Amino acid sequence: MADAPGGGEEGGGGKRHQKKRAKKGSTRIDMTPMVDLAFLLLTFFILTTTMYKPSTLQMTFPVPDEDPTDDKKTELSNAITLILTAKDQIFYYIGEFHTPTDGSGKPPTTLTRTDFSKVRQVLLERNKEAVEKLNQLARDFNSGKLDEAAYDSLRRKTKGDPTNLKAIIKTDKDAKYRNMIDIVDEMDISGIGSYGVLDSLKTAEQLLLDAEKATL
Amino acid sequence: MPKLKMPKKSPELDMTPMVDLAFLLVTFFMLTAQFRPEEAVAVDTPSSMSQSPIPTENLMTIVVDSAGKVYWDMTDKKVRLKVLEEMGKRINYTPSDEDKVKFANVGAVGIPIQQLPAYLALPTGGARKEFDRQFEGIPTDSTNNQLRDWIITTRLLFYEEAGINPLVALKADGNTNYSKVAEVIRIFQSPGIQINRFKMITDLEESRM
């Protein structure tokens, strides 16, 4: 090394001196590519650690009746029954279910068809009072008139008001799990506090639904 | 003149502290990152607006995939091993230490219990997936309700270990028929199990409302 002739590009001056300078210049390495790589990895890890965000939906199902013959009557006059079926379609009827021959003298129930883009409108319309109250509460909370605890308890009280719309969600055999989650979400949006999910239909409901499904 | 001489500053910036910091952060993120464990099941959960986070401990998950196959999963490794021993007794199978380690890391299990020893003997990855495909998940029919056994055993052993009941989550694919999910829920609610409160795992939806 030391006896290599000439300083090459630097040119001129004493040989020994020249050598030393050249060495001094090369002690520093260019760290730019390393920094590039480091930040690339950094960005990758930051992005991948925050991308996957699952959440959970807490569900409470009613305890099954021990005695199925004990027919508890639920007040259904302000209830909407939503039947989820194939192709993301929903059929609904209001109040109790009547057939032409059940002797109640009421007009027989017909199913109205809707889907997930329109069902919210139907529910909000039918649950108008509760939705307005809930919106008012939300405004009061946001403007600082209510503290969080008061807001929560008032919200729960408004949602649980027995005069509100109730919903019975029934699923046909063709309904998808996604439909069920979506409708439960809709319940939350439309401020419906009392709803139940059932996976069986009454025979009369099934007949009516099959007739409607044939027209899909 | 010599007084006026300014100290010659290199135009190049010393990047060492920056590199130090960058690598420190890289190391930190690499070490703390929890990759999603390789799952035996690909489940596309539906989205909902619920924001409550998923618990990472004490959680028993029942998975239903889009074809309706049912899987069992448990986060607590100690309980997993006990469950394996207990379930193994039903088929006169005593897991070796090696099998136990494999079972602890296998994630969701979705095969009939009779096939479990054969399943654990396979190497991870493709072979297991292939094996898995031959079966219809954990049997749930009323004559051979193994899902019920899994759930009861897990709850019992978890209670012995921790003194509390495990949290229960249901993770189903959005395209599963609801009737299959309802079947699982009916098993949850059946006498002897009676899980009436559980969590449904969903993806967080941001753009609705």
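Only a predicted model underlies this, so the values are computations on that prediction, with no experimental measurement involved.

**Describing the sheet that holds strand β4 (residues 112–115) of chain A**
Residues and elements named next belong to chain A.
Phase 1: Read from one edge to the other, the open sheet built from five strands follows the order β4-β3-β2-β5-β6, with strand pairing classed as mixed. Two strands in the sheet have a free side with no partner beyond their single neighbour: β4 and β6 (195–198). Neighbour-to-neighbour, the strand axes of this sheet turn through a mean angle of 25°, independent of strand direction.
Phase 2: Pairing analysis gives four bridges linking strand β5 (residues 166–171) to β6, with the strands arranged parallel. The residue of β6 that forms the bridge with Ala167 is Tyr195.
Phase 3: Packed onto the sheet, helix α7 (residues 203–213) meets β2 (79–84), β3 (89–94) and β5 and runs at close to 135° relative to β3.

**Section: the side chain of Lys199(B)**
Phase 1: Relative to the assigned elements, Lys199(B) resides in strand β6 (residues 197–204).
Phase 2: Buried and unpaired, Lys199(B) has no salt bridge, with Glu57(B) as the nearest side chain of opposite charge at 13 Å.
Phase 3: Here Lys199(B) is in contact with Thr56(A), Leu57(A), Gln58(A), Pro55(B), Val168(B), Ala169(B) and Leu170(B), once residues within four sequence places are set aside.

**Thoughts on the interface of chain A and chain B**
Phase 1: Taken together, the contact between chain A and chain B spans 40 residues of the former and 51 residues of the latter.
Phase 2: Roughly 4,400 Å² of surface becomes buried between chain A and chain B when both sides are summed, with 62% attributable to carbon and sulfur atoms.
Phase 3: If you look at where chain A meets chain B, you find zero salt bridges.
Phase 4: Connecting chain A to chain B are five residue pairs in polar contact (both at pLDDT 80 or more).
Phase 5: Every element with two or more residues in the side of chain A that touches chain B is listed here: α2 (32–51), β1 (54–60) and α6 (177–189) of chain A.
Phase 6: No other element matches the ten residues that α2(A) contributes to the side of chain A that touches chain B.
Phase 7: Tallied by class, residues from the side of chain A that touches chain B come to 23 nonpolar, seven polar and ten charged.

**Brief notes about the nonpolar core**
Phase 1: Leu82(A), Ile183(A), Trp72(B), Leu116(B), Leu170(B), Tyr178(B) and Met200(B) are the most contacted members of the largest nonpolar core, which totals 65 residues.
Phase 2: Of the residues forming this core, the biggest block, seven residues, is contributed by helix α7 (residues 178–189) of chain B.

**Thoughts on the pattern of salt bridges**
Phase 1: Applying the stated criterion to the full structure yields ten salt bridges over all chains.
Phase 2: When the shortest N-O distance is used, the salt bridge between Arg178(A) and Asp88(A) registers 3.8 Å. Residue Arg178(A) is found in helix α6, and its partner Asp88(A) is found in the loop between β2 and β3; the two are separated by 90 residues along the sequence.
Phase 3: Under the relative-accessibility criterion, Arg178(A) is labelled partly exposed at 26%.
Phase 4: Residue Asp88(A) is classed as partly exposed on the basis of its relative accessible area of 31%.
Phase 5: Measuring nitrogen to oxygen at the nearest pair gives 2.8 Å for the salt bridge that ties Arg80(B) to Asp73(B).
Phase 6: Residue classification places Arg80(B) among the buried residues on the basis of a relative accessible area of 2%.

Reading the values: the criteria
- Residues numbered from 1 in each chain as written.
- Chains lettered and ligands numbered in written order.
- Predicted model: local features only at pLDDT ≥ 70, side-chain atom pairs only at ≥ 80, totals over all residues.
- Heavy atoms only, no water.
- Pairing = 2+ DSSP bridges.
- Helix = DSSP H or I, 4+ residues; strand = E, 2+ residues; numbered from the N terminus.
- Axes fitted to C-alpha atoms, helices over the stretch in contact; angles between N-to-C directions.
- Contact = heavy atoms within 4.5 Å.
- Buried < 20%, exposed > 50% of the residue type's maximum accessible area, 1.4 Å probe, protein only.
- Lys, Arg positive; Asp, Glu negative; His and termini not counted.
- Salt bridge = Lys/Arg side-chain N within 4 Å of Asp/Glu carboxyl O.
- Buried area = accessible area lost by both parts, 1.4 Å probe.
- Polar contact = N/O pair within 3.5 Å; in protein donor to acceptor, adjacent residues only side chain to side chain.
- Nonpolar A, V, L, I, M, F, W, Y, C, P; charged D, E, K, R; others polar.
- Core = buried A, V, L, I, M, F, W, Y, C linked by side-chain atoms within 4.5 Å.

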